[in-house]
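# Close look at the chain arrangement
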Amino acid sequence: MRVFTCICGNRLFFDNDRCMACGRSTGFVPALGELVAIEGDDAHGWRALHPDLEGQLFYRCRNYAHEEVCNWMTPVEDHHAFCQACRLNQVIPDLSRPQYRGYWAKIESAKRRLIYGLNALELPVISKFEDPDKGLGFAFMADAEPWQEFSDQLGETSRVLTGHNHGLITINIAEADDVVREEMRRSMAERYRTLLGHFRHEIGHYYWLLLVQDSQALQAFRTLFGDEREDYSEALKRYYANGPAPDWTARFISAYASAHPWEDWAETFSHYLHMVDTLESASQLGLLPLSLTGRHEAEGLQRWFSAWMELTVGLNELNRCMGHPDLYPFVLSAKGLEKLQFVHDVLAGAAGRPRQALAAVRTGGPSYASPYRSDARRHWLW
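These remarks concern the structure in this document. (Residues numbered from 1 in each chain as written. Predicted model: local features only at pLDDT ≥ 70, side-chain atom pairs only at ≥ 80, totals over all residues. Heavy atoms only, no water.)

## Looking at the overall build of the protein
- Within the protein one finds 12 helices and 12 strands.
- Here the protein, with 382 residues, has 50% of them falling under the buried criterion.
- Taking the contacts inside the protein whose residues are at least 6 apart along the sequence as the reference set, 60% of them involve residues at least 24 apart.
- By element, 52% of the accessible surface of the protein is carried by carbon and sulfur atoms, the whole surface being about 18,500 Å². (Helix = DSSP H or I, 4+ residues; strand = E, 2+ residues; numbered from the N terminus. Buried < 20%, exposed > 50% of the residue type's maximum accessible area, 1.4 Å probe, protein only. Contact = heavy atoms within 4.5 Å. Areas by Shrake-Rupley, 256 points an atom, 1.4 Å probe, with all protein chains shown as cover.)

This is the structure:
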């Protein structure tokens, strides 16, 4: 994650909606990858105070202007009420429940970090409103209350399961409750469980479908990760009944990765995104003399892995000094690094090209404000 600079010279961080030095409003412009100071208003548009955006006008995302859960901008000519990240939403929490608004804000913050990382890797980020078949969507939903009676996408089930299904990523909003999430982490004997981790894991499943399933990389994937045609449901039953493979630390990046090749890929993918974002932040803050562009070369990638292991050892020790658990409670084996190399190669080969291949869907449909729905109320917001 980059550190940004206000026009006044003060440092800005990714979640800032205002400069703490000069008081100017700020907005993130996805196309440029910059958080910039802005001047104007919602009626006439906002001018970005950045030399590369001179003369361009933007609107604040509707979730920025009205809900205060976003800080992204959209060009006035885009004809979207929502920014690139928020227009991916299919279902949001029921905002008539006050505590759900706080959960939603945390979820949106994690999702924006995800989308920033995908943009930085030049991966395709296209909504299901634009491409229902290959597009991406998010549903942020709550378990049904005992007194609720309704018929919707939950069907007969009252439990919302976090997961991925053909480009739709569902997040149970209880994951935004720190106490609930920690109880879940302990009950499942996990070393790590965060909102951002959920997003990065589930998006890994999406990009496996998009970049691996029907590609020339499929056979190499099967050689390294295993045959994904193994019965998925049965594999998960075995995992939860018997626990991870005894030698999982030597062959997998996490215990859960040993459950099935799809989970192995998704776990490895999420760790790759952790590495990209954290190393960029460390470099931007002067904690590492590292140019992340070096990871695109074979030798540079090995230095990049080494820097990651050195950094995480230090961060873990700093956390211990403050009485916190390890920031990165994992040890990367040689096989884990080999799988990370594979993810890197797939993403490097895909950068930009899928975006161009799918770009046609952007021009074929009408312009509209993304009509996502509110959980529990289940009606179109627009």
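Picking up after the structure, the text goes on.
## Some remarks on the pairing of strand β8 (residues 89-92)
- Of the pairings in the sheet, the one linking β8 to strand β9 (residues 137-141) comprises two bridges and is parallel in character. Bridging from a neighbouring strand, Asn89 pairs with Phe138 of β9.
- Taking the sense of rotation as the criterion, the β-α-β connection linking β8, helix α2 (residues 98-120) and β9 turns out left-handed. (Pairing = 2+ DSSP bridges. Right-handed = clockwise from strand over helix to strand, strands pointing away.)

## Re the sheet that holds strand β3 (residues 25-29)
- With antiparallel pairing, the five strands of this open sheet are ordered in space as β3-β4-β5-β6-β7. Of all the strands in the sheet, just β3 and β7 (73-75) have a single pairing partner and so form its edges. Strand-to-strand twist across the sheet, computed as the mean angle between neighbouring axes with direction ignored, equals 50 degrees.
- In this structure, strand β5 (residues 45-48) lies alongside strand β6 (residues 57-60), joined through two bridges in antiparallel fashion. Looking across to β6, one finds that Trp46 is bridged to Phe58. (Axes fitted to C-alpha atoms, helices over the stretch in contact; angles between N-to-C directions.)

## Quick look at the packing of helix α5 (residues 218-225) against helix α10 (residues 334-350)
- At their nearest, the axes of α5 and α10 sit 11 Å apart, and the two run at 165 degrees to each other. One element, α5, and the other, α10, form an angle in the roughly antiparallel class. Viewed along their axes, α5 and α10 form a crossing whose handedness is left-handed. Between α5 and α10, the residues in contact are Ala220, Phe221, Leu224 and Phe225 and Lys335, Glu338, Lys339 and Phe342, respectively.
- Partitioned by chemical class, the residues of the contact of α5 with α10 number five nonpolar, no polar and three charged. (Parallel < 35°, antiparallel > 145°, perpendicular 65-115°, else oblique. Left-handed = near helix turned anticlockwise from the far one by under 90°. Nonpolar A, V, L, I, M, F, W, Y, C, P; charged D, E, K, R; others polar.)

## Some details on helix α6 (residues 232-242)
- For α6, the full list of buried residues reads Ala235, Leu236 and Tyr239. In an axial view of α6, the angular spread of the buried residues amounts to 95 degrees, which keeps them on one side of the axis. More than 90 degrees from the buried face of α6, the exposed residues found are Lys237, Ala241 and Asn242.
- Residue Asp231 occupies the N-cap position of α6, its side-chain oxygen lying 3.2 Å from the main-chain nitrogen of Ser233.
- After α6 finishes, the residue Gly243 shows a positive phi value of roughly 85 degrees. (Arc of directions from axis to C-beta. Polar contact = N/O pair within 3.5 Å; in protein donor to acceptor, adjacent residues only side chain to side chain.)

## Points about the nonpolar core
- Counting 99 residues, the largest nonpolar core has Leu118, Leu123, Ile203, Tyr207, Trp265, Phe269 and Tyr272 as its most contacted members.
- The leading source of residues in this core is α2, at nine residues.
- Dropping the residues within four chain positions of it, Leu118 is found in contact with Leu123, Val125, Ile203, Tyr207 and Leu273. (Core = buried A, V, L, I, M, F, W, Y, C linked by side-chain atoms within 4.5 Å.)

## Here we look at unusual backbone geometry
- A positive phi angle is found at Glu68, which is not glycine, with a value near 60 degrees.
- Relative to the helices and strands, Glu68 is located in the loop between α1 (62-65) and β7.
- For Glu68, a relative accessible area of 69% puts it in the exposed group.
- Backbone geometry at His166 places phi at a positive 50 degrees, although glycine is not the residue there.
- The exposure class assigned to His166 is exposed, which follows from its relative accessible area of 59%.

## With respect to the state of the cysteines
- Under the criterion given, the structure shown has zero disulfides.
- In this structure Cys70 is a free cysteine whose sulfur lies 3.7 Å from that of Cys83, the closest cysteine sulfur available.
- A residue is classified by how much of its surface remains accessible, and Cys70, at 5% relative accessible area, is buried.
- Unpaired in terms of disulfides, Cys83 finds its nearest cysteine sulfur in Cys61, a separation of 3.7 Å. (Disulfide = S-S within 2.5 Å.)

## As for the pattern of salt bridges
- Here the structure, examined in full by the defined rule, presents 26 salt bridges.
- Between Asp227 and Arg222 there is a salt bridge, with its nearest N and O atoms 3.9 Å apart.
- One salt bridge connects Asp326 with Arg320, and the closest N-O pair in it is separated by 2.8 Å.
- Accessibility expressed as a relative area gives 26% for Asp326, which makes it partly exposed.
- Salt bridges linked by common partners bring Arg222, Asp227, Glu228 and Arg229 together as one network. (Salt bridge = Lys/Arg side-chain N within 4 Å of Asp/Glu carboxyl O.)

## What about the environment of Thr170?
- Structurally, Thr170 can be placed in strand β11 (residues 168-172).
- Considering only alpha carbons, one finds Thr170 and Gln90, 80 residues apart in sequence, at a separation of 9.5 Å.

## As for the environment of Phe82
- With respect to the secondary-structure elements, Phe82 resides in the loop between β7 and β8.
- What makes Phe82 buried here is its relative accessible area of 0%.
- In this structure, the C-alpha to C-alpha distance between Phe82 and Cys70, residues 12 residues apart in sequence, is 9.8 Å.

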